[in-house]
Amino acid sequence: MYKQSLRLFLLAVLGGYLFSISHVPLPWTLGPLVVAMLWKTFARKEVYWPKKFRNIGMVFLGYVMGSPFTPTVAHQVLYQLPLMLAITLILITLCLVTGYISNRYVGIGIANSVIGSIPGGLSQMSIICEETDGTDVSVVTLMQTVRVITVVFMVPLLALHGIADKVTTASRLTSPISPGDIPVLVVFAVTILVLLKLATRIHLSNTYVIAPILGTALLVLAGVHAPTLPSEVISLAQIVIGIRMGIDVDFSSLPNWRRIAVSSFFSVLAVILSLLGVAFIISHFYSMSLITTFISMAPGGMSEMGLIALTANADLPTVVAFQLFRLLFILIVCVPAARWWLHRHGHMCS
């Protein structure tokens, strides 16, 4: 059993490396995802990858997502909270409207349409799909993958080659862990584990997504410096998550997967272009540049949007604040509300 897992892991690492040298976006997530999906679909080999590996990976990524929540970012959140809430609601509405239209065209079901359209993160929404009755994880993962790829390609294209006045080279900063960082990391680990136990005890959904983010953010706000994790650790976390996501995709149950992919692409493209227009209007009424406003609103990952903000000379604390607020709002408010609505209107099967 574990021999198959080791073989799959090594193939996933190779897939991530090939995606990385080919400059494919999110290589260490999408590479293992594609490898695991192909291994399951075409090689017809036994597949075993425990969910606990995926959950451990989510803890590390949650730490990374919560670490930018410094007092400066918190001040930005409080100062611009009404604007953040309005922008988040506009984004969610656009995504749900285009998802509904897509459902009318493809016929994937309203539950899949709602969960697959919410811009809450590729791995996060796949986990949420597992906890939501009436959804198909293959459909949701496909829709979210198309969304991520479209955003990661289109937002830099529009931001760096259409909006930004000046573009500079930026690189993602990572560093090795020093001996002095170990006691601090232990404090973060204990805090996250305590929150995980508490979240499990009160039956909070999305436990392995929310608890690490909140635990890390609370310590950073309290003045504890969050050491930067080595890039190898972050990549490994993405690999174990990507493998699980790839296993969950089953194209044999999706005879119309091409229509779903095409429909999702045009839905996301419509959302991005609409957000560009909204960003143009907002930048005229608030003291924010168009490039900062657009990247802050973009339905992409916080790390990817942060890197684009650095390259385009946008206001990084503002972008991080808006992206983190959107992520937490979707996970804590939007997803539970969507699941309640689906259950009430009979779109979830028990």
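Computed from a prediction, not measured in an experiment: that's the story for all the values here. Note on numbering: residues in each chain are counted from 1, in written sequence order. In keeping with the model being predicted, local features are shown solely for residues with a pLDDT of at least 70 and side-chain atom pairs are shown and tallied solely at 80 or more, while totals for entire chains, interfaces and linings include all residues. Just so you know, side-chain values use all the structure's heavy atoms and leave hydrogens and water out.

Asks: Got a minute to help me understand the overall build of the protein chain in this structure?
Replies: For the protein chain, the count of helices and strands is 15 helices and 0 strands. Relative to the compact-globule value of 20 Å for 350 residues, the protein chain shows a C-alpha radius of gyration of 20 Å, a close match. With respect to the three principal axes, the spread of C-alpha positions in the protein chain is 55 × 55 × 45 Å. The buried share among the 350 residues of the protein chain stands at 53%. A separation threshold of at least 6 residues defines the contact pool for the protein chain, and within that pool the share at least 24 residues apart is 77%. By the counting rule applied here, Lys and Arg register as positive and Asp and Glu as negative, while His and the ends of each chain are not counted. By convention, the point assigned to a charge is CZ for Arg, NZ for Lys, CD for Glu and CG for Asp. Side-chain charges of the protein chain comprise 20 positive and 12 negative groups, with the mean position of each set lying 7 Å from the other. Think of it this way: any DSSP run of H or I at least four residues long counts as a helix, any run of E at least two long counts as a strand, and we number them from the N terminus. As a reference, a globule follows 2.2 Å times the number of residues to the power 0.38, and the radius of gyration itself is taken over C-alpha atoms. Only protein chains enter the accessibility calculation, which uses a 1.4 Å probe; a residue whose area is less than 20% of its type maximum is buried, one above 50% is exposed, and one in between is partly exposed. It only takes one pair of heavy atoms within 4.5 Å for two residues to be counted as in contact.

Asks: Help me understand the layout of surface pockets, please; the structure alone is not making it clear to me.
Replies: Left-over empty space is what a probe sized like a water molecule reveals as it rolls over the atoms. Definitions used for this entry: grid spacing 1 Å over protein atoms alone; cavity, a set of points where a 1.4 Å probe fits but cannot get out; pocket, an open set with protein on both sides within 12 Å along at least 5 of 7 lines; lining residue, one with an atom within 4 Å of a point. Grid points are joined across faces, edges and corners, and a volume is the space filled by probe spheres set on the points. Its boundaries defined by the atoms lining it, the second largest pocket holds a volume of some 230 Å³. In this structure, the second largest pocket is lined by Ile-56, Val-59, Phe-60, Tyr-63, Ile-177, Leu-185, Phe-188, Ala-189, Ile-192, Leu-193, Leu-196 and Leu-229. Note that Gly is not counted as nonpolar here; it falls among the polar residues with everything else outside the nonpolar set of Ala, Val, Leu, Ile, Met, Phe, Trp, Tyr, Cys and Pro and the charged set of Asp, Glu, Lys and Arg. When grouped by side-chain class, the residues that make up the lining of the second largest pocket number 12 nonpolar, no polar and no charged.

Asks: Sorry, what's going on with the packing of helix 8 (residues 137–163) against helix 13 (residues 290–297) here?
Replies: When two helices pack together, their arrangement is given by the angle between their axes and by how far apart the axes lie. Every angle, taken between N-to-C directions, lies between 0 and 180 degrees, and every axis is a line fitted to C-alpha atoms, over only the stretch in contact when it is a helix. At a minimum axis distance of 11 Å, the contact between helix 8 and helix 13 shows a crossing angle of 180°. Judged by the angle between their axes, helix 8 and helix 13 are roughly antiparallel. Contact with helix 8, carried on its side by Val-155, Leu-158, Ala-159 and Ile-163, involves Leu-290, Ile-291, Phe-294 and Ile-295 of helix 13 and no other residues of that element. Considering only residue class, the contact of helix 8 with helix 13 consists of 8 nonpolar, no polar and no charged. Roughly parallel covers angles under 35 degrees, roughly antiparallel covers those over 145, roughly perpendicular covers 65 to 115, and oblique covers all other angles.

Asks: Looking at this model, I keep getting lost on the confidence of the model for the protein chain. Mind explaining?
Replies: Parts of the model with low pLDDT should not have their predicted coordinates read in detail. Residue-level confidence of the predictor, termed pLDDT, takes values from 0 up to 100. Of the residues in the protein chain, 90% have a pLDDT of 70 or more, and the chain-wide mean is 83. For the stretch residues 169–173, pLDDT sits under 50, and the model shows 8 contacts to residues farther than four places along the chain or on other chains.

Asks: Quick question: what am I supposed to make of the packing of aromatic side chains here?
Replies: To describe a pair of aromatic rings, one takes the distance between the centres and the angle between the planes. Centre distance within 6.5 Å is the pairing criterion for rings of Phe, Tyr and Trp, where only the six-membered ring of Trp is used; planes under 30 degrees apart are then read as stacked, over 60 as edge-to-face, and the remainder as tilted. Per the stated rule, a full pass over the model turns up 5 aromatic pairs. When the centroid spacing of 6.3 Å and the interplanar angle of 5° are considered together, the rings of Phe-9 and Trp-49 count as stacked. Of this pair, Phe-9 sits in helix 1 (residues 2–21) while Trp-49 sits in the loop between helix 2 (27–41) and helix 3 (51–66), and the two are 40 residues apart along the sequence. Among the residues examined, Trp-49 registers a relative accessible area of 6% and is labelled buried. An angle of 90° between the planes, with centres 5.3 Å apart, marks the rings of Tyr-63 and Phe-188 as edge-to-face. With Tyr-63 in helix 3 and Phe-188 in helix 9 (residues 181–201), the pair connects residues that are 125 residues apart, well separated along the chain. Accessibility expressed as a relative area gives 1% for Phe-188, which makes it buried. Within the aromatic cluster, the residues linked to one another by ring pairs are Phe-9, Trp-49 and Phe-53.

Asks: How should helix 6 (residues 110–117) be read in this particular structure?
Replies: Since the α-helix advances by 3.6 residues per turn, residues separated by three or four positions end up pointing in the same direction. Summarising burial for helix 6: 8 of the 8 residues are buried, a large majority. Of all the positions in helix 6, only Ile-110, Ala-111, Asn-112, Ser-113, Val-114, Ile-115, Gly-116 and Ser-117 are classed as buried.

Asks: Which parts of the structure should I look at to understand the side chain of Thr-292?
Replies: Structurally, Thr-292 can be placed in helix 13. For Thr-292, the side chain forms a polar contact with the side chain of Ser-289, separated by 2.9 Å. Residues in contact with Thr-292, not counting those within four places in the same chain, are Ala-314, Asp-315, Thr-318 and Val-319. We call two N or O atoms a polar contact when they sit within 3.5 Å, provided that within protein one can donate a hydrogen and the other can accept it, with sequence-adjacent residues counted only if both atoms are side-chain atoms.

Asks: Sorry if this is basic, but what is going on with the environment of His-203 here?
Replies: Mapped onto the fold, His-203 is located in the loop between helix 9 and helix 10 (207–221). In this structure, the C-alpha to C-alpha distance between His-203 and Val-64, residues 139 residues apart in sequence, is 24 Å.

Asks: Help me out: how do you make sense of the nonpolar core in this one?
Replies: The nonpolar side chains of a soluble globular protein tend to be buried with one another. Residues enter a nonpolar core if they are buried and are Ala, Val, Leu, Ile, Met, Phe, Trp, Tyr or Cys, with the set joined through side-chain atoms within 4.5 Å. Counting 89 residues, the largest nonpolar core has Val-155, Ile-243, Ile-272, Phe-294, Ile-295 and Met-305 as the members making the most contacts within it. In terms of residue count, the dominant contributor to this core is helix 15 (residues 316–344) (15 residues). Phe-294 has contacts with Val-155, Leu-158, Ala-159, Ile-163, Ile-272, Leu-275, Leu-276 and Ala-279, leaving out every residue within four places of it along the chain. Judged by nonpolar contacts, the second largest core, of 9 residues, contains Val-139, Leu-142, Leu-254 and Ile-260.

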